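Spelled out, the chains give:
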There are 2 protein chains.
Amino acid sequence: MTVAENEINKTTKQNITPVVEDYLKAIYSLRQTGETVRTAALAVRLNVKPPTVTAMLKTLADLNLIRYEPYRGVELTESGEQIALEVVRHHRLIELYLVEALGFSWDEVHDEAEVLEHFISEKLEARIADYLGNPTHDPHGDPIPNLDGTLPETTANTLADFSPAAREVRVVRVRDQNPDRLRYLSEIGLVPQSTIKIVAAEPFDGPITIQISKKKIALDRQLARLILVEEMKG
Amino acid sequence: MTVAENEINKTTKQNITPVVEDYLKAIYSLRQTGETVRTAALAVRLNVKPPTVTAMLKTLADLNLIRYEPYRGVELTESGEQIALEVVRHHRLIELYLVEALGFSWDEVHDEAEVLEHFISEKLEARIADYLGNPTHDPHGDPIPNLDGTLPETTANTLADFSPAAREVRVVRVRDQNPDRLRYLSEIGLVPQSTIKIVAAEPFDGPITIQISKKKIALDRQLARLILVEEMKG
DNA sequence: TTTAAGATTTAGACTATACTAAATTTTGTG
DNA sequence: CACAAAATTTAGTATAGTCTAAATCTTAAA
Ligand SMILES: [Mn+2]
Ligand SMILES: [Mn+2]
Ligand SMILES: [Mn+2]
Ligand SMILES: [Mn+2]
């Protein structure tokens, strides 16, 4: 045997393929919702069938990137999370770079970043971060993980949680990556850093009406839940 | 059977993997030397063993990307060449972009481009080309294939072919991608567009002595063969 | 508390790309 | 022109990632 049997579980650079990175990223992102990360959710997210997920979960567990309890779900280990965060950093830096340096709009960057995140070198990552002045947020307001694997703290509520009583709020993040919806949102001026006023909130989970520079727009409550805002200070 | 048997030879986007692209690019580049492209040369270039090449050549022939005569070598078909040229275009645009927009030096860009060439979208390619003003040559003086798959014509001789009789020449291309040698060459000022004078050429394939802005430097004949130059007009 | 529906895993298979060892073809030398 | 050396292909195997069909586990409803 070429490799000793007690070495089979070692994580090497080689083992971290683009597919592995996407699984880790998916686990990380699904965990953000607070729920246990299950096979079915991963299958949907990653566009594969459940048995494919099960097979990969075993591989990831062998690499000590996740803790896996059959039938019960998974969670990232410390090293799994570090890799996930590094890939997320790549993704968000690339998104911002494409917008800032190459004139992409915020609805065009996701698919490009989804691929390139796996292939830029550490050197290119550094040059991009440097060019952008070590930014903390991407074009959607998503926080960019730091090099050390920490995340800029975000304290924001969703637009859906605010009542008309609230005064002006500032949009800080748009948690949507559907190109058509993103185009719609930027058309009405609802982008990170814009200021809006909440005009009305219909009961029974009805629409939220907001005002953006004179214009009133009714937003579906589901969509409003994806818009994170902060109260204006002062 | 899901796919009819008379359809097995169809080239689809799916079939064109990064590995396939690298084979086509390698065949294209080896062909430039004028010699028949053989299994052994491809194996060396692509860092795989000869049986691996044989297997892939069959696949490429099935996809109508090459003509393959067992034991006798291969050549690209029209569609194989188009794909090779497109990948070369990506490679060289990326190299130039990294130098122009992100401060890379010419010895750092090859490895990065070798990977990214397979993963940029057509949209990103277009934005990069646009940013660069639709350039015709990369940082090494290598011609960048046009969108239509044609190549800017280059008429240049190697430095090794010139005798001291020749007057000043302009460096137009450096056919080397070894980072250490490239650093050496840029240190002595031997880069595309620089002007040099040929001072001496030793017999028996000996060194060529050149002068670059007052300084005389002896260049190994092998290395001189990789430097393409043009006589200055006027 | 039983049981059926839903979720998940197991079993078995396939494709792409790689390898080593062995067989075969080509080529260059005597 | 014969034949050994070199080049190439064939044969058989491996790994990563995917699939479908079948088995098994979990859970929620009767
Ligand atoms: Mn990805
Ligand atoms: Mn984003
Ligand atoms: Mn490549
Ligand atoms: Mn080049």
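Structure: above.
Residues numbered from 1 in each chain as written. Chains lettered and ligands numbered in written order. Predicted model: local features only at pLDDT ≥ 70, side-chain atom pairs only at ≥ 80, totals over all residues. Heavy atoms only, no water.

All names here are of chain B. Summarising the metal site, the manganese ion (ligand 3) is bound by the protein donors Asp22 (OD), Glu114 (O), Glu114 (OE), Glu117 (OE) and His118 (NE2), whose distances to it range over 2.0 to 2.4 Å. Taken in chain order, the donor set of the manganese ion (ligand 3) reads D-x91-E-x2-E-H. Of the two residues, aspartate 22 sits in helix H1 (residues 18-31) while glutamate 114 sits in helix H5 (residues 109-116), which places them 92 residues apart along the sequence. On the basis of relative accessibility, which here comes to 22%, the residue glutamate 114 falls in the partly exposed class. (Donors = N, O, S within 2.8 Å, 3.2 Å for Na, K, Ca; no water. Helix = DSSP H or I, 4+ residues; strand = E, 2+ residues; numbered from the N terminus. Buried < 20%, exposed > 50% of the residue type's maximum accessible area, 1.4 Å probe, protein only.)

Next up on the list: the packing of helix H4 (residues 78-102) of chain B against helix H6 (residues 122-131) of chain B. Residues and elements named next belong to chain B. Contact pair H4 / H6: the axes reach a minimum separation of 10 Å and the direction vectors enclose 50°. Relative to H6, the element H4 lies oblique. Crossing angle aside, the handedness with which H4 passes H6 is left-handed. In this structure, H4 contributes Glu86, Arg89, His90, Leu93, Tyr97, Glu100 and Ala101 to the contact, and H6 contributes Glu122, Glu125, Ile128, Ala129 and Tyr131. Of the residues that constitute the contact of H4 with H6, the class distribution is six nonpolar, one polar and five charged. (Axes fitted to C-alpha atoms, helices over the stretch in contact; angles between N-to-C directions. Parallel < 35°, antiparallel > 145°, perpendicular 65-115°, else oblique. Left-handed = near helix turned anticlockwise from the far one by under 90°. Contact = heavy atoms within 4.5 Å. Nonpolar A, V, L, I, M, F, W, Y, C, P; charged D, E, K, R; others polar.)

Helix-helix packing is characterised by the crossing angle of the two axes and by the distance between the axes. Contact geometry of helix H4 (residues 78-102) of chain A with H4(B) gives a least axis separation of 14 Å together with a crossing angle of 75°. Regarding the angle of H4(A) to H4(B), the classification is roughly perpendicular. Residues Tyr97(A), Ala101(A) and Leu102(A) of H4(A) lie in contact with H4(B), whose contacting residues are Tyr97(B), Ala101(B) and Leu102(B). Of the residues in the contact of H4(A) with H4(B), the class split is six nonpolar, no polar and no charged.

Near DNA strand C you find 20 residues, and of these Thr54(A), Lys58(A), Tyr68(A), Thr17(B) and Thr52(B) are the closest. Residue Lys58(A) places a side-chain N or O atom 2.4 Å away from a phosphate oxygen belonging to DNA strand C. Looking at the surface near DNA strand C, the elements with two or more residues in it are helix H2 (39-46) and helix H3 (50-62) of chain A together with H1 and helix H3 (50-62) of chain B. A total of four residues in the surface near DNA strand C trace back to one element, the largest contributor, which is H3(A). Looking at the surface near DNA strand C residue by residue, the class counts come to twelve nonpolar, four polar and four charged. (Near = heavy atom within 4 Å. Polar contact = N/O pair within 3.5 Å; in protein donor to acceptor, adjacent residues only side chain to side chain.)

So, on to the side chain of His118(B). All names here are of chain B. One can find histidine 118 in the loop between H5 and H6. Classification of histidine 118 as buried rests on a relative accessible area of 13%. At 3.0 Å, the side chain of histidine 118 and the side chain of aspartate 22 are in polar contact. Setting aside anything within four residues of it in sequence, one finds histidine 118 in contact with Pro18, Glu21, Asp22 and Val87.

So, on to the interface of chain B and chain A. When the parts of a complex come together, some accessible area is lost, and that lost area is often used as the size of the interface. Contacts between the two partners involve 18 residues from chain B and, on the opposite side, 18 residues from chain A. Contact between chain B and chain A buries roughly 1600 Å² in total, counting both sides, with carbon and sulfur atoms accounting for 61%. Area buried by chain B at its contact with chain A is led by Leu102(B), Phe119(B) and Arg127(B), which between them contribute 34% of it. The tally of links between chain B and chain A comes to four salt bridges. Where chain B meets chain A, there are nine residue pairs in polar contact (both at pLDDT 80 or more). Taken together, the elements giving at least two residues each to the side of chain B that touches chain A come down to H4, H5 and H6 of chain B. (Buried area = accessible area lost by both parts, 1.4 Å probe. Salt bridge = Lys/Arg side-chain N within 4 Å of Asp/Glu carboxyl O.)

Around DNA strand D, the structure places 20 residues, and the nearest of them are Thr17(A), Thr52(A), Thr54(B), Lys58(B) and Tyr68(B). When the atoms of DNA strand D within 4 Å of the protein are grouped by moiety, sugar and phosphate amount to 78% of the total. Lys49(A) places a main-chain nitrogen or oxygen 3.0 Å from a phosphate oxygen of DNA strand D. Take Tyr71(B): an N or O atom from its main chain is 3.0 Å from a phosphate oxygen of DNA strand D. A per-element tally of the surface near DNA strand D places H3(B) first, with four residues. Its residues assigned to classes, the surface near DNA strand D shows twelve nonpolar, four polar and four charged.

Residues and elements named next belong to chain B. Strand order in the open sheet formed by six strands is S3-S8-S4-S5-S6-S7, and the pairing between neighbours is antiparallel. On the outer flanks of this sheet lie strand S3 (157-158) and strand S7 (215-219), each paired with one strand and no other. Where strand S4 (residues 168-174) lies against strand S8 (residues 227-231), five bridges are found, and the strand directions are antiparallel. Looking across to S8, one finds that arginine 170 is bridged to glutamate 230. Contacts from helix H7 (residues 179-187) reach S4, S7 and S8, with the element oriented near 155° to S7. (Pairing = 2+ DSSP bridges.)

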